[in-house]
Amino acid sequence: MTVTAISDMPQSDRLARTSGFGLSAISAMFGLTIRQHLNGKRWMVLAGLFLLPVGLAILIRAVSPDVPHRLLEFLLAFMFIPQALLPLVALVYASGIIQDEQEDQTLTYLLVRPLPKWSIYVVKLLGTLTTAVLLTSMFTILTYIAVYIGSPEGAGSVVTRCLKAVGIHSLAVISYSCLFGLLSLFTRYTLIIGILYTALVEGLLANLPFGIRLATVIYYTRLIAYRSLDFIVNVHGHTTNASANAWQLDVRNDPNLLEHPSLRSCLMILAGASILLTFVGAAMCSRCEFRVKTPGGN
Amino acid sequence: MKPIVVFHEVSKWYGNVIGINKLSISIPAGVTGLLGPNGAGKSTLLQLATGQLCPSQGSVRVLEQEVWNNPGLNRYIGLCPEQDAFYEWMTGLDFVQTCARLSGMNQSASKEAAERAIYSVGMTKNSRRAIRGYSKGMRQRIKLAQALVHDPEVLFLDEPLTGTDPVARRDLMDIVLRLGAGGKSVLVSSHVLHEVQSLTPNIILLNRGRLLAEGHVRQIRELIDKHPHQIVLICDEYRKLAGRVLAWDDVESVRVMPRERGVTVETRSPDAFYQRLPALALEPGLALNEVYSDDDNLEAVFKYLVNA
């Protein structure tokens, strides 16, 4: 039982094995993040919340079979999920990218490895995005199944709509995660600030027909949904555009929404903003000093 | 011989609180003990030396390289942190292997290195159990294994013996001694002089972020031994234990602590006392759950030294 067992290895072998920042370290960090998420209880809570739209779809269809499937889809998959659940998923996971490791005092094990600090943030963010996207996609699909199973709508059309919804939700949750991930580097109160931001900015301001909504994730998410899916529903003989009314889109005066960004612009803005936020977070991390509280109390 | 760790005029502030105050010190190769009471700045010093903290003033160099924002240097540095924190759901092997992979090793090499490191700390038998079920001694051993897994040149051990039972303490001390004998440089912090003294005669004394003394332990031992030492023993049969240690000549007083299920012993011959402990712990019903020295005690000694 001696430590020289490690030292006995040839120097060349030892140096090769400790070549530092590489694919192995990145994959280890990524895997560690995913396993942390799986071993936590958060995904169970979030899965429970995600089952709400599924349960509501089943309940409404059982109680009011006349409700149009597309209206149900709109209300659950494009009102409830993006407005309430996606920011919550992003907030719950992204706020803990570094803070969880700090609070658990395990960040030390990452900081004393030959990994640049920015890479710790970026790889852990990628792990967070993976978890958030998988969780979101899985329950979006379940919601669609609950809404459309047994409906007269063609399977091909439903699958296409479902895949588009998965894509839109994924992009939204990625944007939210990058935003809240960056926020978590500034403050320890990310959860509180994130909830306030979601309620006031993404909830209240984004629903007002003013320019301020151009600074919200939900605005672009809705525009992408509006431009790639139709939500024309017939309720009691009246045909109506459910999304235009609900999202304050003035289709009467601007039927093609020429005053709003195009589909491509919306996609690029959300993707670009996510990349920019990640870069800013990485740059901040590379200069940041992360203090891990020791029993001694520093 | 070139120093392994060099602090030059280093200060570290946490807001208005001073962690390290204008510290200049050169630590040579070999085993060095870092001694000081709680709040002396030991952990801050080790966090600065391992690049976790950025000095507010001055420079910190390890192996002749600047430490701050130099992740490549971590290939040659190992840290056993003070905090008792782990990914509790992992097994010991999984944890050490993950640390090896984070150091850049591939899957097979990391497994091999993890098994070797775990073997070297005597944890092979328990390596496939979840860390959450480990005793304090096992946790300290596995923490040491992660520090060794990438075969670093310099090891920083922050209070590695805290809270361990006498057997684990002895084993961990042996490991540190073997590392030193094997050519590694080890900086080990403690607030218990006798622990450090068993590992190395070279000590650095810190108090309130300042360097109090450095050099051979013998020079300050004479001063320190003039003060009685308080040692806490935690044992299920603490009343029986109290009666047993009270019979020893060098024990000046014994205070029973029913709430903690332990006793506080005051002695002027701590070395002799510690030497008798392993045999005592083997007596029926006297298995010791924990042994530690009161921080307040060392604080008193340091006050004495500062005044002296």
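What you see is a predicted model, and the numbers here were worked out from it, not measured in a lab.

About the criteria used
Residues numbered from 1 in each chain as written. Chains lettered and ligands numbered in written order. Predicted model: local features only at pLDDT ≥ 70, side-chain atom pairs only at ≥ 80, totals over all residues. Heavy atoms only, no water. Helix = DSSP H or I, 4+ residues; strand = E, 2+ residues; numbered from the N terminus. Expected span 1.5 Å × (residues − 1). Buried < 20%, exposed > 50% of the residue type's maximum accessible area, 1.4 Å probe, protein only. Arc of directions from axis to C-beta. Core = buried A, V, L, I, M, F, W, Y, C linked by side-chain atoms within 4.5 Å. Contact = heavy atoms within 4.5 Å. Domains from an automatic or database assignment. Buried area = accessible area lost by both parts, 1.4 Å probe. Salt bridge = Lys/Arg side-chain N within 4 Å of Asp/Glu carboxyl O. Pairing = 2+ DSSP bridges. Axes fitted to C-alpha atoms, helices over the stretch in contact; angles between N-to-C directions. pLDDT = per-residue confidence, 0-100. Phe/Tyr/Trp six-rings, centres within 6.5 Å; stacked < 30°, edge-to-face > 60°. Lys NZ or Arg CZ within 6 Å of the ring centre and 35° of its normal.

Undergrad: Could you clarify how one ought to interpret helix α3 (residues 107-120) of chain B in this entry?
TA: Think of an α-helix as 3.6 residues a turn; residues three or four steps apart then line up on the same face. All names here are of chain B. With 14 residues, α3 should reach 20 Å at 1.5 Å per residue; the first-to-last C-alpha distance of 20 Å fits that figure. Of the positions making up α3, those classed as buried are Ala-109, Ser-110, Ala-113, Ala-114, Ala-117, Ile-118 and Ser-120. What you see down the axis of α3 is that its buried residues fit within an arc of 160°, all on one side. At the C-terminal side of α3, Gly-122 shows a positive phi close to 70°.

Undergrad: How do you make sense of the nonpolar core when you look at a structure like this?
TA: Burial of nonpolar side chains together is a common tendency in soluble globular proteins. Counting residues in hydrophobic clusters, the biggest one holds 121 residues, and the most contacted among them are Phe78(A), Tyr121(A), Phe95(B) and Val96(B). Examining the composition of this core, we find that 15 residues originate from one element, helix α5 (residues 69-94) of chain A, more than from any other. If sequence neighbours within four positions are ignored, Phe78(A) has contacts with Glu73(A), Tyr144(A), Ala165(A), Ile168(A), His169(A), Ala225(A), Leu229(A), Phe231(A) and Trp247(A). Formed by 28 residues, the second largest nonpolar core is a distinct cluster that contains Ile4(B), Ile20(B), Phe156(B) and Ile204(B).

Undergrad: Would you mind going over the domain arrangement of chain B with me for this structure?
TA: Size of an interface, as often reported, equals the accessible area lost when the parts are brought together. Split into domains, chain B comes out as domain 1 (5-222) and domain 2 (224-307). The centre of domain 1 of chain B, based on its C-alpha atoms, is set 26 Å off from the matching centre of domain 2 of chain B.

Undergrad: Looking at this structure, I do not really get the interface of chain B and chain A. What am I missing?
TA: In this assembly, 53 residues from chain B lie in contact with 48 residues from chain A. Counting each side, the surface lost to burial between chain B and chain A is near 4,800 Å², with a carbon and sulfur contribution of 57%. On the chain B side of the contact with chain A, Tyr87(B), Trp89(B) and Leu102(B) bury the most area, a combined 15% of that side's loss. In this structure, the connection of chain B to chain A is made through 2 salt bridges. Across the salt bridge formed by Arg35(A) and Asp94(B), the nearest N and O atoms sit 2.2 Å from each other.

Undergrad: Would you mind going over the pattern of salt bridges with me for this structure?
TA: Residue and element names in this part refer to chain A. The tally for this structure, following the rule as stated, stands at 22 salt bridges over all chains. A salt bridge links Arg-291 to Glu-289, with the shortest nitrogen-to-oxygen separation between them at 3.1 Å. Through salt bridges with shared partners, one network takes in Arg-70, Glu-153 and Asp-230.

Undergrad: Help me understand unusual backbone geometry in this model?
TA: Comment: phi is negative for the bulk of residues other than glycine, and the bulk of peptide bonds are trans. Positive phi, close to 55°, is recorded for Gln248(A), a residue that is not glycine. Inspection of the secondary structure assignment puts Gln248(A) in the loop between α12 (242-246) and α13 (263-287). On the basis of relative accessible area, Gln248(A) is assigned to the partly exposed category, the value being 38%. Notably, Asp151(B) is not glycine yet its phi reads approximately 55°, a positive angle. Checked against the element boundaries, Asp151(B) lands in the loop between α4 (136-148) and β7 (154-158).

Undergrad: So what exactly am I meant to see when it comes to the sheet that holds strand β11 (residues 229-235) of chain B here?
TA: Through backbone hydrogen bonds, the strands of a sheet pair up, either in parallel or in antiparallel fashion. All names here are of chain B. If you trace the 4 strands from one edge of the open sheet to the other, you get β12-β13-β11-β14, paired in antiparallel fashion. At either margin of the open sheet sits one strand with a lone partner, and together these are β12 (251-257) and β14 (288-293). With strand direction ignored, the average angle separating the axes of adjacent strands in the sheet is 20°. In the sheet, β11 pairs with β14 via 5 bridges, with the strands oriented antiparallel. Within β14, the residue paired with Ile-231 across the bridge is Ser-293. The strands touched by helix α8 (residues 238-246) within the sheet are β11, β12, β13 (262-267) and β14, with β12 carrying the most contacts at an inclination of about 175°.

Undergrad: Could you clarify how one ought to interpret the confidence of the model for chain B in this entry?
TA: Should the pLDDT be low somewhere, the predicted coordinates at that spot are not to be read in detail. Looking at chain B as a whole, the pLDDT averages 89, with 92% of positions reaching at least 70. Across chain B, helix α2 (residues 92-102) of chain B holds the top mean pLDDT of 97, while helix α10 (residues 295-307) of chain B sits lowest at 59.

Undergrad: How should the packing of aromatic side chains be read in this particular structure?
TA: Remark: the centre distance and the inter-plane angle together describe each pair of aromatic rings, the angle taken between the planes. Enumeration according to the criterion identifies 16 aromatic pairs over all chains in this entry. Ring plane angle 20° and centroid distance 6.0 Å describe the contact between Tyr144(A) and Tyr148(A), whose orientation is recorded as stacked. A residue pair is termed a helical-turn pair when its members lie 3 or 4 positions apart in one helix, as Tyr144(A) and Tyr148(A) do in helix α8 (residues 117-148) at 4 residues. With a centroid separation of 5.4 Å and 75° between ring planes, the pair formed by Phe86(B) and Phe95(B) is classed as edge-to-face. The buried category is assigned to Phe86(B), whose relative accessible area is 5%. Among the aromatic side chains, those forming a connected cluster through ring pairs are Tyr109(A), Phe86(B), Tyr87(B), Trp89(B) and Phe95(B). In this structure, Arg161(A) is placed above the aromatic ring of Phe231(A), and the distance from its NZ or CZ to the ring centre is 5.3 Å.

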